[in-house]
Amino acid sequence: MIAPAEAVREALLDVFEERYEGAVVYADADGETVLHEGPVRIKANGWLELPSGRLLSPESVHHVDTYEATD
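Residues numbered from 1 in each chain as written. Predicted model: local features only at pLDDT ≥ 70, side-chain atom pairs only at ≥ 80, totals over all residues. Heavy atoms only, no water.

(A) Inspection of the overall build of the protein chain at higher detail. A count of helical and extended segments in the protein chain gives one helix and five strands. Beginning at the N terminus, the succession of helices and strands in the protein chain can be written as α-β-β-β-β-β. On C-alpha atoms alone, the protein chain measures out to a radius of gyration of 14 Å, which is more than a quarter above the 11 Å that the 2.2 N^0.38 rule sets for 71 residues. Seen along its three principal axes, the alpha-carbon backbone of the protein chain occupies a region of about 55 × 30 × 20 Å. Of all 71 residues assigned to the protein chain, the portion counted as buried reaches 24%. The long-range fraction of contacts in the protein chain, counting pairs at least 24 apart against all pairs at least 6 apart in sequence, stands at 43%. Surface exposure of the protein chain reaches about 5,300 Å², of which carbon and sulfur atoms provide 52%. Charge-centre separation for the protein chain: the mean point of 5 positive side chains lies 11 Å from the mean point of 15 negative side chains. (Helix = DSSP H or I, 4+ residues; strand = E, 2+ residues; numbered from the N terminus. Rg over C-alpha atoms; globule rule 2.2 N^0.38 Å. Buried < 20%, exposed > 50% of the residue type's maximum accessible area, 1.4 Å probe, protein only. Contact = heavy atoms within 4.5 Å. Areas by Shrake-Rupley, 256 points an atom, 1.4 Å probe, with all protein chains shown as cover. Lys, Arg positive; Asp, Glu negative; His and termini not counted. Charge placed at Lys NZ, Arg CZ, Asp CG, Glu CD.)

(B) Inspection of the pattern of salt bridges at higher detail. Evaluation of the coordinates by the stated rule reveals three salt bridges. Across the pair E49 and R41 runs a salt bridge, and its minimum N-O distance is 2.9 Å. A relative accessible area of 17% places R41 in the buried class. In this structure, E49 and K43 form a salt bridge, with 3.9 Å as the shortest nitrogen-oxygen distance. (Salt bridge = Lys/Arg side-chain N within 4 Å of Asp/Glu carboxyl O.)

(C) Here's a closer look at the side chain of D28. Here D28 shows up in the loop between β1 (18-26) and β2 (34-42). Of the buried charged residues, D28 lacks a salt bridge, with R54 as the closest side chain of opposite charge at 17 Å.

(D) Region of the structure containing the environment of K43. One can find K43 in the loop between β2 and β3 (48-49). Along the backbone, K43 and L55 are 12 residues apart, and their C-alpha atoms lie at a distance of 9.6 Å. Look past the residues within four positions of K43 in its chain and what remains in contact with it is F16, E17, E49 and L55.

Okay, structure coming up:
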């Protein structure tokens, strides 16, 4: 039996992409320039996707700190 292409794609996304409900995305090492705070998806190609659909280039991001999101 051959798995449907969509099922294979979803399984690979789980392996190569990360989703965080609580994250702070910084543009600099000192943490003075915050690009985003909240949910973020780190795509397999290194780009970060925000809930609005906007993408942040890997070159614009210095680091990401994650935290336990609370409602």
